[in-house]
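Working through the structure, step by step
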Amino acid sequence: MRSFAQFALAGALLVAAGAAHADETKFLQSFKGNFAGKGTVQVTTDVPNVGVSCSFESNATSTSLSLDGNCRGLVVVSRAISANLKVTGAKYSGTYVGSRTGPAQLNGSRSGSAINLGIRWAKEVNGDRKAQMTVEKRGENGIRLTVTDTDPKTGKSVVTSRIDLSRT
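Given the structure is predicted, the values throughout are model-derived calculations rather than measurements.

**Observations concerning the overall build of the protein**
Within the protein, the secondary structure is distributed over 2 helices and 10 strands. When the helices and strands of the protein are read in sequence order from the N terminus, they spell out α-α-β-β-β-β-β-β-β-β-β-β. Across the 168 residues that make up the protein, the buried fraction comes to 46%. Considering only intrachain contacts with a sequence separation of at least 6, the fraction spanning at least 24 residues in the protein is 47%. Split by element, the accessible area of the protein, about 7700 Å² in all, is 50% carbon and sulfur.

Dropping the structure here:
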């Protein structure tokens, strides 16, 4: 289930695209609409990936982005997801709701076509409460959501969630 949370958080990052100045506003508006896609998630770094299918509706203003959606895995498991982000200057911040650990905090900034966010889970996941998320704009109608975490056994960075979405 945590992998669903990580994926959902990735969706939340998508929401974080809002910005205060014209360049950020245009970038944020490019995320507005309905998106669907597939990918993989891992609940923890020591279990296999699970395939997921997700759909999201996102709304944007010049300074915020909200995302509401649902992800399904293993045919019968489904999780509602929502995220709200605000942009102040060049900083992105917000909250992801949908993880079984409770609301997660998001903070970061944009670099080119990607929003890079630090995640602070409500409870420990993979030995700590930290992870990283990247929301990358891919062409006119695509978004890639990636969550990475540190494997507590090896200390190496591991991709725990990667979801590719397309505008529907």
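**Some words on the environment of R167**
You can see R167 is positioned in strand β10 (residues 157-167). With relative accessibility at 30%, the residue R167 sits in the partly exposed group. Spatially, the C-alpha atoms of R167 and E57 are 9.8 Å apart, while their sequence positions differ by 110 residues. With near-sequence residues (within four places) excluded, R167 lies in contact with S30, K32, G33, N34, F35, K137, E140 and N141. In this structure the side chain of R167 is engaged in a polar contact, spanning 2.5 Å, whose partner is the backbone oxygen of K32. Among the polar contacts made by the side chain of R167, one reaches the side chain of N141 at a distance of 2.8 Å.

**A closer look at the state of the cysteines**
According to the stated counting rule, one finds 1 disulfide in the structure shown. Disulfide pairing places C54 opposite C71 at an S-S distance of 2.3 Å. Given an S-S torsion of about 115°, the disulfide between C54 and C71 has right-handed geometry. Pair noted here: C54 is in strand β2 (residues 50-60) and C71 is in strand β3 (residues 64-73), with a separation of 17 residues, a long-range link.

Conventions we followed
Residues numbered from 1 in each chain as written. Predicted model: local features only at pLDDT ≥ 70, side-chain atom pairs only at ≥ 80, totals over all residues. Heavy atoms only, no water. Helix = DSSP H or I, 4+ residues; strand = E, 2+ residues; numbered from the N terminus. Buried < 20%, exposed > 50% of the residue type's maximum accessible area, 1.4 Å probe, protein only. Contact = heavy atoms within 4.5 Å. Areas by Shrake-Rupley, 256 points an atom, 1.4 Å probe, with all protein chains shown as cover. Polar contact = N/O pair within 3.5 Å; in protein donor to acceptor, adjacent residues only side chain to side chain. Disulfide = S-S within 2.5 Å.

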